[in-house]
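Chain by chain, the residues:
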Amino acid sequence: MRSWNGNFILFLGVFFCVSGNENELQTTNEHSLELTQSLNLARQELIQEACHRFPLKLSLDDLPPSQLEHILVDDEHKLLYCYVPKVACTNWKRILMILAGKWNGTDVLAIPASLAHTPGMFRNLSTVPKEDRQVMLDNYHKMIIVRNPFERLLSAYRNKLEGDTQSAKYFQDRVGKRIIRAYRENPTNESLEHGHDVTFKEFVLFLTNQSEEMADVVNNEHWQPITSLCHPCLIKYTLVGKYETLLDDSLLALNTINASYIQFPRLAHTSGTAEKLHKYFSQLDLPLIRRLYKLYKYDYRVFNYDLDNIVGYDLG
């Protein structure tokens, strides 16, 4: 159904662009937004239905403030945005900078990624007093963008432990060397020194073993479950985007907060993570995939994803 909606919207857009009639184009855009909003509402309902099946142990007030740091606040546009690493959060942080007047112009990609991720750049919900927080939760738009959990996980691995950027070198030094030391038999001195060649299987063993001595890096935001970062069973998100329909969902969000003058960037190319899923996960045996699935079980169930493209069926 998701693919059909996307293709249908694309067909309408092309058809009316060719016709050259501005009124028809405007009607098409409005219809596209209506379709995306219908899909958004359906996602909200699916989240609520899934959450009803999982008894909650804590209320939002019971959470320590640190659990709300990923929810960014834009008071002017009445928006709460829970950013999820490896799910378009860099571009949405750039947009928030434009919305807050922290960057001149509306060219999203002109903003350096490092600037968008500067600590303290945005106010977050952890700093808001409880009484004000409830007012925001009742009256603000609440946005989250999600992604297939294993696809997001693989993207984090490839970016942080396979890459050669400064960020990757930081993770290889801080995390990679420790993974190799703990999970590789007879590692070379070069691997121990640089941590640059962690295999995907070693990475998964590191996540699933949950060793206390590595707890400080096991819970890193780049591979922490989305349900742990954004608490969708405690916060009723009103804008639920998916990485698979990112452009349509971002267009709806910008329209909803009256910021349609900003254009969400179209990617010239993708990282190819989805296509590489089978290649990487074929390195894992089924028991290990099951153990990994348990870590992301709630992400899969709450956001309505499955494992068909990895093992051919859902592990449930």
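This structure is a prediction, so every number in the text was calculated from the model and none was measured.

Section: the overall build of the chain
Turning to step 1, where the next piece is worked out: When its secondary structure is counted, the chain shows 15 helices and 4 strands.
Turning to step 2, where the next piece is worked out: Within the span of the chain, comprising 316 residues, buried residues form 47% of the whole.
Turning to step 3, where the next piece is worked out: For the chain, the share of sequence-separated contacts (at least 6 apart) that also reach a separation of at least 24 residues comes to 68%.
Turning to step 4, where the next piece is worked out: Surface exposure of the chain reaches about 16400 Å², of which carbon and sulfur atoms provide 51%.

Remarks on the state of the cysteines
Turning to step 1, where the next piece is worked out: The final tally for this structure, using the stated rule, is 2 disulfides.
Turning to step 2, where the next piece is worked out: Disulfide pairing is shown between Cys51 and Cys233; the S-S distance is 1.9 Å. Every disulfide takes its handedness from the sign of the S-S torsion; for Cys51 and Cys233 that torsion is -80°, giving left-handed. Here Cys233 lies in the loop between α11 (226-230) and β4 (239-242) and Cys51 lies in helix α2 (residues 22-52), a separation of 182 residues in the sequence.
Turning to step 3, where the next piece is worked out: Residue classification places Cys51 among the buried positions, given a relative accessible area of 9%.
Turning to step 4, where the next piece is worked out: On the accessibility criterion, Cys233 (25% relative accessible area) is partly exposed.
Turning to step 5, where the next piece is worked out: Linked covalently through their sulfurs, Cys82 and Cys230 form a disulfide whose S-S length is 2.0 Å. One disulfide, between Cys82 and Cys230, carries an S-S torsion of -85° and so falls in the left-handed class. Here Cys82 is found in strand β2 (residues 79-82), whereas its partner Cys230 is found in helix α11, with 148 residues between them in sequence.
Turning to step 6, where the next piece is worked out: Note on Cys82: relative accessible area 1%, which makes it buried.
Turning to step 7, where the next piece is worked out: Ordinal numbering of bonded cysteines along the chain defines a disulfide pattern of 1-4, 2-3.

Structural notes on the packing of helix α9 (residues 200-209) against helix α14 (residues 286-295)
When two helices pack together, their arrangement is given by the angle between their axes and by how far apart the axes lie.
Turning to step 1, where the next piece is worked out: Where α9 meets α14, the axes come as close as 9 Å, and the angle between the chain directions of the two elements is 55°. Accordingly, the angle class assigned to the pair α9 and α14 is oblique. The element α9 and its partner α14 pack so that their crossing is left-handed. Here α9 contributes Lys201, Val204, Leu205, Leu207, Thr208 and Asn209 to the contact with α14, which in turn contributes Leu288, Arg291, Leu292 and Leu295.
Turning to step 2, where the next piece is worked out: Broken down by class, the residue content of the contact of α9 with α14 amounts to 6 nonpolar, 2 polar and 2 charged.

Focus: the pattern of salt bridges
Turning to step 1, where the next piece is worked out: The final tally for this structure, using the stated rule, is 8 salt bridges.
Turning to step 2, where the next piece is worked out: Salt-bridge contacts for Arg43 lead to Asp249; the nearest nitrogen and oxygen are separated by 3.0 Å. You can see Arg43 sitting in helix α2 and its partner Asp249 sitting in helix α12 (residues 246-256), a full 206 residues away along the chain.
Turning to step 3, where the next piece is worked out: For Asp249, a relative accessible area of 9% puts it in the buried group.

Focus: the pairing of strand β3 (residues 141-146)
Consecutive side chains of a regular strand alternate in pointing toward one face of the sheet and then the other.
Turning to step 1, where the next piece is worked out: Extensive coverage of β3 is indicated by the burial of 5 of its 6 residues.
Turning to step 2, where the next piece is worked out: Pairing geometry for β2 and β3, over 4 bridges, is parallel. Residue Tyr81 lies in a different strand from β3, and its bridge partner there is Met143.
Turning to step 3, where the next piece is worked out: Of the pairings in the sheet, the one linking β3 to β4 comprises 4 bridges and is parallel in character.

Digging into the nonpolar core
Turning to step 1, where the next piece is worked out: If you look at the biggest cluster of nonpolar residues, it comprises 91 residues, and the most contacted ones within it are Phe150, Phe203 and Phe206.
Turning to step 2, where the next piece is worked out: Here this core gets 7 residues from one element, more than from any other, and that element is helix α3 (residues 89-99).
Turning to step 3, where the next piece is worked out: What Phe203 contacts, discounting residues up to four positions off in sequence, is Leu153, Tyr157, Leu161, Ile179, Val198 and Trp223.

A closer look at unusual backbone geometry
Turning to step 1, where the next piece is worked out: Backbone geometry at Lys86 places phi at a positive 75°, although glycine is not the residue there.
Turning to step 2, where the next piece is worked out: Non-glycine residue Asn258 carries a positive phi angle of around 60°.
Turning to step 3, where the next piece is worked out: Tracing the sequence through the fold places Asn258 in the loop between α12 and α13 (273-281).

Calculation criteria
- Residues numbered from 1 in each chain as written.
- Predicted model: local features only at pLDDT ≥ 70, side-chain atom pairs only at ≥ 80, totals over all residues.
- Heavy atoms only, no water.
- Helix = DSSP H or I, 4+ residues; strand = E, 2+ residues; numbered from the N terminus.
- Buried < 20%, exposed > 50% of the residue type's maximum accessible area, 1.4 Å probe, protein only.
- Contact = heavy atoms within 4.5 Å.
- Areas by Shrake-Rupley, 256 points an atom, 1.4 Å probe, with all protein chains shown as cover.
- Disulfide = S-S within 2.5 Å.
- Axes fitted to C-alpha atoms, helices over the stretch in contact; angles between N-to-C directions.
- Parallel < 35°, antiparallel > 145°, perpendicular 65-115°, else oblique.
- Left-handed = near helix turned anticlockwise from the far one by under 90°.
- Nonpolar A, V, L, I, M, F, W, Y, C, P; charged D, E, K, R; others polar.
- Salt bridge = Lys/Arg side-chain N within 4 Å of Asp/Glu carboxyl O.
- Pairing = 2+ DSSP bridges.
- Core = buried A, V, L, I, M, F, W, Y, C linked by side-chain atoms within 4.5 Å.

So, to be careful, I would describe these as geometric facts and stop short of saying anything about function.
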